[in-house]
Amino acid sequence: MAKLYFRHGAMNSGKSTLLLQVAHNYEEQGKEVVVLKPKIDTKGEDTIVSRIGISRKVDHLIEKDDNIFDYIRENHRDASCILVDEAQFIEPKQVDQLLEVVVFLNKPVICYGLRLDFQGKGFPGSTRLLEIAQSIEELKTVCECGRKAMFNSRIVNGEFTLEGEQVAIDGENSVTYEPLCHYCFFRKKIQYERKKEEQAKVLVKKL
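About the criteria used
- Residues numbered from 1 in each chain as written.
- Predicted model: local features only at pLDDT ≥ 70, side-chain atom pairs only at ≥ 80, totals over all residues.
- Heavy atoms only, no water.
- Buried < 20%, exposed > 50% of the residue type's maximum accessible area, 1.4 Å probe, protein only.
- Helix = DSSP H or I, 4+ residues; strand = E, 2+ residues; numbered from the N terminus.
- Pairing = 2+ DSSP bridges.
- Right-handed = clockwise from strand over helix to strand, strands pointing away.
- Axes fitted to C-alpha atoms, helices over the stretch in contact; angles between N-to-C directions.
- Left-handed = near helix turned anticlockwise from the far one by under 90°.
- Contact = heavy atoms within 4.5 Å.
- Core = buried A, V, L, I, M, F, W, Y, C linked by side-chain atoms within 4.5 Å.

Some thoughts on the pairing of strand 7 (residues 109–113)
Across the five residues that make up strand 7, a large majority, five, are buried. Of the two faces of strand 7, the one lined by V109, C111 and G113 and the one lined by I110 and Y112 are each fully buried. Sheet analysis places strand 1 (residues 4–8) next to strand 7, joined by five bridges and oriented parallel. When the sheet's bridge partners are listed, F6 is paired in strand 7 with C111. The pairing of strand 6 (residues 81–84) with strand 7 spans three bridges and is parallel. Each residue of the ladder has a partner; that of L83, found in strand 7, is I110. Taking the sense of rotation as the criterion, the β-α-β connection linking strand 6, helix 3 (residues 92–105) and strand 7 turns out right-handed.

What about the packing of helix 3 against helix 4 (residues 124–132)?
The geometry of helix 3 relative to helix 4 is characterised by a closest axis approach of 8 Å and an angle of 35° between their N-to-C directions. The two elements helix 3 and helix 4 meet at a crossing, and its hand is right-handed. Along the contact surface, helix 3 presents P92, V95, D96 and L99, while helix 4 presents P124, G125, R128, L129 and I132.

Things to note about unusual backbone geometry
Although it is not a glycine, E86 adopts a positive phi angle of roughly 50°. Checked against the element boundaries, E86 lands in the loop between strand 6 and helix 3. A relative accessible area of 18% places E86 in the buried class. With phi around 50°, N157 is a residue other than glycine that occupies positive phi space. With respect to the secondary-structure elements, N157 resides in the loop between strand 9 (151–156) and strand 10 (159–161).

Section: the nonpolar core
If you look at the biggest cluster of nonpolar residues, it comprises 25 residues, and the most contacted ones within it are L4, I82, V84, V109 and C111. When contributions to this core are tallied by element, the ones reaching two or more residues are strand 1, strand 2 (33–38), helix 2 (68–75), strand 6, helix 3, strand 7 and helix 4. The element that contributes the greatest number of residues to this core is helix 3, accounting for five residues.

Dropping the structure here:
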């Protein structure tokens, strides 16, 4: 029986690599697989690029207002599996449409993405997946200290930050991300907040 799967993990946990491997496995058996990703994820443009160097063009870039159920029904009725990369960026209503693909078209849908943003808050798409996915799996990676990583710290020009929009693509505008455990995330958060307080005090003295 088809299911909606959500495989989540911090940065560098191998999500895209696993997606590409699953796609390869299906196609090696002569089955059609549909690979999707949100258009807002401009990294690689219309291509999924894993950190180990393998890549693949997607079949469709998901726009904010796309109806994914209609797209699959009208274009891929013979597909054996639907794979979605960077699923945290899709709309909650589109997560519901993916479940409709499972229920009404009897096709398994496997979503890969982040659970938390750089502030430790949930992405709307991921939150909806956690609510309705029939199978949820955490893909693990390690923090710089060796503990299991859960948070995704945003680094801008080499500095940890808690400021900015929720969506900022890795590798663009001097933005990168690092996986952190609970301990390292809160340590860096406290250091960041103290630094901001000191900068504010200096600014007040100058006024």
